[in-house]
Amino acid sequence: MPRQPEGVVRAPAESLREAQRLLDAGMPFHAHEVFEDAWKSGPAAERDLWQGLAQLAVGLTHAARGNTAGGARLLRRGADRLAGDTAAAARGIDAVGLVSWARELAERVSGPADAAGGRPPVVDAAAEAPRLRLGPA
């Protein structure tokens, strides 16, 4: 699957819309690239916000690809970054919900083996896609 173009400068609301579209389509790595562009082109005061969102998206990518340990680690790292962020509310981002989602998913993918004694189940990226914004979907 082709990658997202790099270095695209978008307004924050446009970045969130595009990333949500990609997450909903089961393309969290592409959403990660949108967030990466936002952190590189946005104000320094929002760097933690965009980096945290990027870490959540790439954590979901790893979990969906079977790298559950790496996925859980990145989900927790992104959740920790967002937990203390003050810029999220100004952008309408549901930081509290995202932190809860990321920690729950990290716990689930790093949990015990399945009933057959194998690894924790690989997640479906589209089914697990979080809602980024506050309010109705």
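This structure is a prediction, so every number in the text was calculated from the model and none was measured.

1. A few points about the overall build of the protein chain
- Broken down by element type, the protein chain carries five helices and zero strands.
- Taken from N to C terminus, the helices and strands of the protein chain fall in the order α-α-α-α-α.

2. Some words on the pattern of salt bridges
- Following the criterion strictly, the structure yields ten salt bridges and no others.
- E18 serves as the salt-bridge partner of R21, at 2.7 Å between the closest nitrogen and oxygen. Note that R21 and E18 are positioned in helix α1 (residues 12-24) at a spacing of three residues, about one turn of the helix.
- Classification of R21 as partly exposed rests on a relative accessible area of 45%.
- D24 serves as the salt-bridge partner of R131, at 3.3 Å between the closest nitrogen and oxygen. In this pair, R131 is assigned in the segment after α5 (95-109) and D24 in helix α1, connecting sequence segments 107 residues apart.
- Overall, R131 belongs to the partly exposed group, its relative accessible area being 40%.
- Residues joined in a network through salt bridges with shared partners are E104, R108 and E128.

3. Details of the nonpolar core
- Grouped together as the largest cluster of nonpolar side chains are 37 residues, with contacts concentrated most on F35, L49, W50, L53 and L132.
- Looking at this core, the elements that each hand over two or more residues are α1, α2 (28-41), α3 (47-64), α4 (68-83) and α5.
- In this structure F35 touches L16, A19, W50, L53, A54, A57 and L132, once residues within four positions along its chain are discounted.

4. With respect to empty space enclosed by the protein
- The full count for this structure, using the stated rule, is one cavity of 30 Å³ or more.
- Among the elements that take part in the lining of the largest cavity, α3 stands out by supplying three residues, more than any other.
- For the lining of the largest cavity, the per-class residue count stands at eight nonpolar, no polar and no charged.

5. A short note on the confidence of the model for the protein chain
- Overall, the prediction assigns the protein chain a mean pLDDT of 89, with 87% of residues at 70 or greater.
- Mean pLDDT in the protein chain bottoms out at α2, which sits at 95, and peaks at α3, which reaches 97.

6. Description of α4
- Here α4 spans 22 Å end to end across 16 residues, near enough to the 22 Å set by a 1.5 Å rise per residue.
- Along α4, the positions that sit buried rather than exposed are T68, G70, G71, A72, L74, L75, G78, A79 and L82.
- Contact partners of the buried residues in α4: α3 and α5.

7. Let's talk about the packing of α4 against α5
- Closest axis-to-axis distance for the α4/α5 pair is 8 Å, and the angle between their directions is 160 degrees. Viewed along their axes, α4 and α5 adopt a mutual orientation that is roughly antiparallel. The way α4 lies across α5 gives a crossing that is left-handed. Contacts between α4 and α5 pair T68, A72, L75, R76, A79, D80, L82 and A83 from the former with A95, L98, V99, W101, A102, R103, L105, A106, E107 and V109 from the latter.
- Of the residues in the contact of α4 with α5, the class split is 13 nonpolar, one polar and four charged.

What counts and how
Residues numbered from 1 in each chain as written. Predicted model: local features only at pLDDT ≥ 70, side-chain atom pairs only at ≥ 80, totals over all residues. Heavy atoms only, no water. Helix = DSSP H or I, 4+ residues; strand = E, 2+ residues; numbered from the N terminus. Salt bridge = Lys/Arg side-chain N within 4 Å of Asp/Glu carboxyl O. Buried < 20%, exposed > 50% of the residue type's maximum accessible area, 1.4 Å probe, protein only. Core = buried A, V, L, I, M, F, W, Y, C linked by side-chain atoms within 4.5 Å. Contact = heavy atoms within 4.5 Å. 1 Å grid on protein atoms, 1.4 Å probe; cavity = no way out; pocket = protein on both sides within 12 Å on 5 of 7 lines; lining within 4 Å. Points joined across faces, edges and corners; volume = space filled by probe spheres on them. Nonpolar A, V, L, I, M, F, W, Y, C, P; charged D, E, K, R; others polar. pLDDT = per-residue confidence, 0-100. Expected span 1.5 Å × (residues − 1). Axes fitted to C-alpha atoms, helices over the stretch in contact; angles between N-to-C directions. Parallel < 35°, antiparallel > 145°, perpendicular 65-115°, else oblique. Left-handed = near helix turned anticlockwise from the far one by under 90°.

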